[in-house]
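# Architecture and fold: a report
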Amino acid sequence: MTATDVHGPGRDQSRRALVAGWIGTTVEYYDFSIYGLASSVVFAKLFFPTSDPVTGTLLSLSTFAIGFLARPVGAVVFGHFGDRLGRKSTLVATLGLMGIATFAVGLLPTYRQVGIAAPILLIVARLAQGFSVGGEYGGAVLMTIEHAERGKRGFRGSLINTGTSAGLLLANLVFLGVLQLPDDQLHSWGWRIPFLLSAGLVGVGLFVRLSLDESPEFEAVKARNAVDRLPVVEVFRECGGRVLLMAAGILSAGVAFTLATVYSLEYARTGLHLDKGTMIAVLLPATLVIMVCVPLAGKLADRFGNRTVFIAGAASLMVLPFPWLALLQTRQYGLMLLGFTLLFIGYSANYGVVPAYFSQVFPARLRFTGMSIGFTVGLIAGNAFSPDIATYLLHTTGGWVGIAVYMSAMSAVSVVAGLFLREADDTTEPPRDPAGHVADSDPAQLR
């Protein structure tokens, strides 16, 4: 039997897990981006028509925030089933629900057609999106990491996070395309295209996930009869401190990403007196930096350790917001692009190792629940409120320094969290048979 015969099936499952996880992350951030863009551009007129356009826009944007409220519930529910029934079936459910909810938005009737039922249906669809996303990222990461070999987990996990940039790029490209339509066509059918197109990505993702084997480490948990009846209770009883440290750890990346990709468009108008198109023209090529640097961070993590690279990236984000915002003040394309590039290099080092690092701070039997809750809480604290905080700081201080100090402070919190957050003791890889599956072993040996 050749080496290919022995290792081929295991490697195939590892690759499939990576593709499935990457597609899930891409869909997640594609949905995140197209909904945010639609809330800013078209939803106010279509779903919240009022005599005051500002009020309509605020109501529209509020539905964007509502999605975050459903994420913790999804994290608990899907985390429970992921640790009780398995990663595979849970991930099929999260991606399927997310796909249905996003596709449904593209089919919704407008306020003019059905009245108050239109915004209600939009809110329901948004809640379903947030609910499913609460379990999607943590589960996608676990399937990838738990199928990967020990020495390659940093790199494999980092590839999952390139889906963040891929989703952002794809959403902006698609939306920029439909925005070229005349207003009557945009508001009648053009706005639906980005939501309906997500069905293709979801379909590919479901096909790949259905072909996956269950996670080897979850199989090992079942083999030793270590599955908990109520994982969420055990997570807070045994690992409550780790959940809080993980939530604190993700603040640096969450604040940097959200302010760079969402708030920067508003800052272009209010702080720099530039049109949003100019900032998008800078932002889109800059996101390519993430797609290159995130895998490099994963490679470094496999060599020097996840925690080391994570802390180094968070520490860099204590400094880099200052040159980023200072270079934006020049209003010169090349210097603005340099500012984004510097910030995204630090972000990539910090966020690129999150999958391999955070997935292994919890014991395998509680990993889906612990990671989903910790990541979601940190996401809400870092992503959901940072644009509002930055807006307040700009208007109260009159300049960009306050925003940079805020970003630096959040990164300092992540550095401290990284100093205390260590991997769990039971991360020993279970024995595998020649096909790459967990080998039949004495349960005592799997402890």
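What counts, and at which threshold
- Residues numbered from 1 in each chain as written.
- Predicted model: local features only at pLDDT ≥ 70, side-chain atom pairs only at ≥ 80, totals over all residues.
- Heavy atoms only, no water.
- Helix = DSSP H or I, 4+ residues; strand = E, 2+ residues; numbered from the N terminus.
- Buried < 20%, exposed > 50% of the residue type's maximum accessible area, 1.4 Å probe, protein only.
- Axes fitted to C-alpha atoms, helices over the stretch in contact; angles between N-to-C directions.
- Parallel < 35°, antiparallel > 145°, perpendicular 65-115°, else oblique.
- Left-handed = near helix turned anticlockwise from the far one by under 90°.
- Contact = heavy atoms within 4.5 Å.
- Nonpolar A, V, L, I, M, F, W, Y, C, P; charged D, E, K, R; others polar.
- Core = buried A, V, L, I, M, F, W, Y, C linked by side-chain atoms within 4.5 Å.
- Polar contact = N/O pair within 3.5 Å; in protein donor to acceptor, adjacent residues only side chain to side chain.
- 1 Å grid on protein atoms, 1.4 Å probe; cavity = no way out; pocket = protein on both sides within 12 Å on 5 of 7 lines; lining within 4 Å.
- Points joined across faces, edges and corners; volume = space filled by probe spheres on them.
- Salt bridge = Lys/Arg side-chain N within 4 Å of Asp/Glu carboxyl O.
- Phe/Tyr/Trp six-rings, centres within 6.5 Å; stacked < 30°, edge-to-face > 60°.
- Lys NZ or Arg CZ within 6 Å of the ring centre and 35° of its normal.

## Observations concerning the side chain of S414
The residue S414 is located in helix α20 (residues 401–420) in this model. Accessibility expressed as a relative area gives 0% for S414, which makes it buried.

## Notes on unusual backbone geometry
Notably, H273 is not glycine yet its phi reads approximately 60°, a positive angle. Mapping H273 onto the fold places it in the loop between α12 (251–270) and α13 (276–304). Positive phi, close to 60°, is recorded for R331, a residue that is not glycine. Tracing the chain through its elements places R331 in the loop between α15 (321–328) and α16 (333–351).

## Quick look at the environment of F375
With respect to the helices and strands, F375 occurs in helix α18 (residues 367–384). Of the residues examined, F375 reaches a relative accessible area of 5% and is grouped as buried. The spatial distance from the C-alpha of F375 to the C-alpha of A248 is 9.1 Å, given a sequence separation of 127 residues.

## Here we look at the packing of α12 against α15
The N-to-C vectors of α12 and α15 enclose an angle of 30°; their axes lie 13 Å apart at closest approach. On the basis of their axis angle, the class for α12 and α15 is roughly parallel. Judged by the twist between their axes, the crossing of α12 over α15 is right-handed. Residue-level inspection shows L259, A260, S264 and Y267 of α12 in contact with α15, the latter providing W324, L325 and L328. Here the residues of the contact of α12 with α15 are counted per class, giving six nonpolar, one polar and no charged.

## Observations concerning the nonpolar core
Soluble globular proteins tend to bury their nonpolar side chains together. The biggest cluster of nonpolar side chains holds 81 residues, and the ones touching the most others in it are F340 and I403. Looking at this core element by element, the count peaks at 12 residues for α13. If we ignore the near neighbours within four places in the chain, the residues touching F340 are A260, S264, M279, V282, L283, A286, W324 and L328. Counting 22 residues, the second-largest nonpolar core is a separate cluster that includes L46, A118, L122 and F175.

## Remarks on the side chain of N383
Position of N383 among the secondary structure elements: in helix α18. Within the structure, the side chain of N383 is placed 3.2 Å from the side chain of T258, a separation counted as a polar contact. Not counting residues within four places of it along the chain, the set of residues in contact with N383 comprises F68, G254, V255, T258 and G378.

## Quick notes on the packing of helix α14 (residues 306–316) against α20
Orientation of α14 relative to α20, taken along the N-to-C sense of each, is 160°, at an axis distance of 8 Å. The angle between the axes of α14 and α20 places the two elements in the roughly antiparallel class. Where α14 crosses over α20, the two elements pack in a sense that is left-handed. Every residue of α20 that contacts α14 at R307, F310, I311, A314 and A315 is listed here: S411, S414, V415, G418 and L419. Here the residues of the contact of α14 with α20 sort into six nonpolar, three polar and one charged.

## Details of empty space enclosed by the protein
Within this structure, the stated rule accounts for five cavities of 30 Å³ or more. Empty space within the largest cavity amounts to approximately 80 Å³. Together, Y29, T164, I250, A253, G254, F257, Y347, Y351, F375, L379 and N383 line the largest cavity. Taken together, the residues that form the lining of the largest cavity break down as eight nonpolar, three polar and no charged. Here the second largest cavity defines a volume of roughly 70 Å³. Around the second largest cavity, the lining residues are E28, D31, F32, G67, R71, M98, R126, Q129, G130 and V133.

## Observations concerning the pattern of salt bridges
Overall, the coordinates contain 11 salt bridges when judged by the stated rule. With its nearest N and O atoms 2.7 Å apart, the salt bridge here joins E217 to R153. Of this pair, E217 sits in helix α10 (residues 216–223) while R153 is found in helix α7 (residues 153–178), placing the two residues 64 residues apart along the sequence. Overall, the relative accessible area of 3% leaves E217 in the buried class. With a closest N to O distance of 3.3 Å, R237 and E238 form a salt bridge. Residue classification places E238 among the partly exposed positions, given a relative accessible area of 36%.

## Digging into the packing of aromatic side chains
Geometry of an aromatic ring pair is reported as the spacing of the ring centres plus the angle between the planes. By the definition in use, this model includes 19 aromatic pairs. Between Y29 and F257, the aromatic rings sit 5.8 Å apart at their centres with planes inclined by 85°, giving edge-to-face as the arrangement. One end of the pair, Y29, is in helix α1 (residues 3–41); the other, F257, is in helix α12, and 228 residues separate them in sequence. Comparing Y29 with F257, the two get one shared label, buried. Relative to F375, the ring of Y137 lies with its centre 4.3 Å away and its plane at 20°, an arrangement referred to as stacked. Here F375 lies in helix α18 and Y137 lies in helix α6 (residues 117–147), a separation of 238 residues in the sequence. By the burial criterion, Y137 is buried, and F375 matches it. Taken together, the aromatic side chains of Y29, F257, W324, F340, F344, Y347 and Y351 make up a single cluster linked through ring pairs. Over the aromatic face of Y35 sits the side chain of R126, whose NZ or CZ is 4.3 Å from the ring centroid. Stacked on the ring of F155, the Lys or Arg K299 has its end atom at 4.6 Å from the ring centre.

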